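# Survey of secondary and tertiary structure
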Amino acid sequence: MNFIKAIVAAGVVAVSTLPALAVDISGAGATFPYPIYAKWADSYKKETGNGLNYQSIGSGGGIKQIQAKTVTFGATDMPLKGEELEKHGLVQFPTVMGGVVPVVNLDGVAAGELVLDGATLAKIFQGEVKTWDDAAIKKLNPSAKLPSQAIVVVHRSDGSGTTFVFTDYLSKVSADWKGKVGANTAVEWPTGLGAKGNEGVANNVAQTKGAIGYVEYAYAKQNKLTFTKLINAAGKTVAPTVEAFTASAANANWEGTPGFGVILTNEKGDASWPISSATFILIHKQPQDAAAATEALKFFAWAYAKGGAAAQELDYVPMPANVVKAIQKVWAADIKDGSGKALFTASN
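Residues numbered from 1 in each chain as written. Predicted model: local features only at pLDDT ≥ 70, side-chain atom pairs only at ≥ 80, totals over all residues. Heavy atoms only, no water.

## So, the overall build of the protein
Check the secondary structure of the protein and you find 14 helices and 14 strands. In terms of overall size, the protein behaves like a compact globule, its C-alpha atoms giving a radius of gyration of 20 Å where 348 residues would be expected to give roughly 20 Å. Dimensions of the protein along its principal axes, counting C-alpha atoms only, are 65 × 40 × 35 Å. Burial statistics for the protein: of 348 residues in total, 54% are counted as buried. Counted over contacts in the protein with a minimum sequence separation of 6, partners at least 24 positions apart contribute 77%. Carbon and sulfur atoms make up 50% of the accessible area of the protein, which totals about 14,200 Å². Separation between the mean location of the 31 positive side-chain charges and that of the 29 negative ones in the protein comes to 1 Å. (Helix = DSSP H or I, 4+ residues; strand = E, 2+ residues; numbered from the N terminus. Rg over C-alpha atoms; globule rule 2.2 N^0.38 Å. Buried < 20%, exposed > 50% of the residue type's maximum accessible area, 1.4 Å probe, protein only. Contact = heavy atoms within 4.5 Å. Areas by Shrake-Rupley, 256 points an atom, 1.4 Å probe, with all protein chains shown as cover. Lys, Arg positive; Asp, Glu negative; His and termini not counted. Charge placed at Lys NZ, Arg CZ, Asp CG, Glu CD.)

Quick look at the structure:
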């Protein structure tokens, strides 16, 4: 079992076996970015001696924990709106971008061989397309040998930013889905089995013949799951790649959106992967533990400066340099200790 597989299985980046740190950086939330946060934490510990404890509990849990002030930072794939950030005194910023991918377990079908479009995907997750040889799937895959096997839908059971991204996409491509189910971190699923975390969905799909689920792309790769291609908003068939995730963000208005809360689903462009997303950090403008918050900002500054290659190795997209500069301006202006002193400066 390699490093990333081990940490994904564990679901936490822990420092409990290490000597006590002067400052404990604690975070909790989204499972979407967990593989890269774990890799960054390992590298950062080796380089600086400072550790990070990140609990991969889902975006809903991360939002609750940062609002309750039980962690230094929360993590979510569903960006909070400006009014929510103001209400709770939070700063929000993106760390990396990636993609959510449909994954299947079908004998004789290799990764990228099956093509789906948004309308058909919505009908599958609504329980209206029930078997793999349904006419809607066959029409998109005329040369594929599709079994007359029941489709087993696997979805998240916890409050999940990955679910928000997935259901936001389905709401944009299916009026029926938008009206009956909608987009949120947790929805009333019309059908299927629930599993906790990207890890749980990945494991359930891997173990269930005829299954389909949705996971962040790094989990699909690490678990060697069979991902599908999708037909995007431009009508082009695309595979999930760093280039396709990057294309989705090409025209994003990061600085003009409160909390940098850009949603990247169903973006225009021939090369765009239609279920792309950024993932976000939430931290208090006036943290209870200023020392821990300062260390957290140092960690993310290090990640922006030195973590790009590691992110790309796991098929995440680093944030553009101009966006990082804008984020760090916000840190310097808005995150302060009790006396009003900024916790971050350019020299940090």
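So that's the structure; there's more coming.
## Section: empty space enclosed by the protein
Inspection of every chain in the model, using the stated rule, returns one cavity of 30 Å³ or more. Taken as a whole, the largest cavity holds about 50 Å³ of empty space. Every residue lining the largest cavity is listed: D77, P79, F164, V165, V262, I263, L264, T265, S276, S277, A278 and F280. When contributions to the lining of the largest cavity are tallied by element, the ones reaching two or more residues are α7 (161-173) and β13 (276-284). (1 Å grid on protein atoms, 1.4 Å probe; cavity = no way out; pocket = protein on both sides within 12 Å on 5 of 7 lines; lining within 4 Å. Points joined across faces, edges and corners; volume = space filled by probe spheres on them.)

## Focus: the layout of surface pockets
Of the volumes computed, that of the largest pocket is approximately 220 Å³. Split by residue class, the lining of the largest pocket holds six nonpolar, three polar and two charged. (Nonpolar A, V, L, I, M, F, W, Y, C, P; charged D, E, K, R; others polar.)

## Here's the deal with the nonpolar core
Core analysis: the biggest nonpolar cluster contains 108 residues, and W40, F93, F125, I212, W254 and W331 have the highest contact counts within it. Apart from residues no more than four positions distant in its own chain, W331 is found in contact with F93, L297, F300, A301, Y304 and F344. (Core = buried A, V, L, I, M, F, W, Y, C linked by side-chain atoms within 4.5 Å.)

## Structural notes on the confidence of the model for the protein
With 93% of its residues at a pLDDT of 70 or more, the protein has an overall mean of 92. A low-confidence stretch, residues 14-21 (pLDDT under 50), is modelled with seven contacts involving residues beyond four sequence positions or located in other chains. (pLDDT = per-residue confidence, 0-100.)

## Considerations on the pairing of strand β4 (residues 73-76)
Because side chains alternate across β4, one face comprises the buried residues F73 and A75, and the other comprises G74 and T76, equally buried. Where strand β2 (residues 25-29) lies against β4, three bridges are found, and the strand directions are parallel. Within the sheet, the bridge partner assigned to A28 lies in β4 and is G74. With three bridges connecting them, β4 and β13 associate as antiparallel partners. When the sheet's bridge partners are listed, G74 is paired in β13 with L282. (Pairing = 2+ DSSP bridges.)

## What to know about the packing of helix α5 (residues 118-125) against α7
Following both chains from N to C, one finds α5 and α7 inclined at 120°, their axes separated by 9 Å at the closest point. Crossing handedness for the pair α5 and α7: left-handed. From α5, G118, A119, L121, A122 and F125 reach across to α7, where they touch F166, Y169, L170 and V173. The residue inventory of the contact of α5 with α7, partitioned by class, reads eight nonpolar, one polar and no charged. (Axes fitted to C-alpha atoms, helices over the stretch in contact; angles between N-to-C directions. Left-handed = near helix turned anticlockwise from the far one by under 90°.)

## Remarks on the side chain of S248
Topologically, S248 is positioned in helix α11 (residues 242-248). Among the polar contacts made by the side chain of S248, one reaches the main-chain carbonyl oxygen of A244 at a distance of 3.2 Å. Within polar-contact distance, the side chain of S248 engages the backbone oxygen of W273 at 2.7 Å. Non-local contacts of S248, meaning those with residues more than four positions away in its chain, are made with L264, E267, S272, W273 and S276. (Polar contact = N/O pair within 3.5 Å; in protein donor to acceptor, adjacent residues only side chain to side chain.)

## A short note on the pattern of salt bridges
Within this structure, the stated rule accounts for 10 salt bridges. Measuring nitrogen to oxygen at the nearest pair gives 2.8 Å for the salt bridge that ties D107 to K209. Highlighted residues: D107 in the loop between β5 (90-104) and β6 (115-116) and K209 in the loop between α9 (197-207) and β9 (211-216), separated in sequence by 102 residues. With relative accessibility at 56%, the residue D107 sits in the exposed group. (Salt bridge = Lys/Arg side-chain N within 4 Å of Asp/Glu carboxyl O.)

## Quick word on the sheet that holds β6
Sheet strands pair via backbone hydrogen bonds, and the direction of the pair is either parallel or antiparallel. With mixed pairing, the three strands of this open sheet are ordered in space as β6-β11-β12. The two strands at the open ends of the sheet, each matched to only one other strand, are β6 and β12 (237-238). Bridge count between strand β11 (residues 229-231) and β12: two bridges; the pairing is antiparallel. Paired with I231 across the two strands is T237, which belongs to β12.

## Some thoughts on the packing of helix α12 (residues 290-306) against helix α14 (residues 321-334)
Contact pair α12 / α14: the axes reach a minimum separation of 11 Å and the direction vectors enclose 170°. With respect to their mutual orientation, α12 and α14 come out roughly antiparallel. Once α12 is placed against α14, the crossing between them reads as left-handed. Listed contacts from α14 to L297, F300, A301 and Y304 of α12 are V324, I327, Q328 and W331. Of the residues contributing to the contact of α12 with α14, the split by class is seven nonpolar, one polar and no charged. (Parallel < 35°, antiparallel > 145°, perpendicular 65-115°, else oblique.)

## Topic: helix α2 (residues 34-48)
Over its 15 residues, α2 extends 20 Å from the first C-alpha to the last, a length consistent with the 21 Å expected when each residue adds 1.5 Å. Along α2, the positions that sit buried rather than exposed are Y34, P35, I36, Y37, A38, W40, A41 and Y44. G49 sits one or two residues past α2 and shows a positive phi near 85°. (Expected span 1.5 Å × (residues − 1).)

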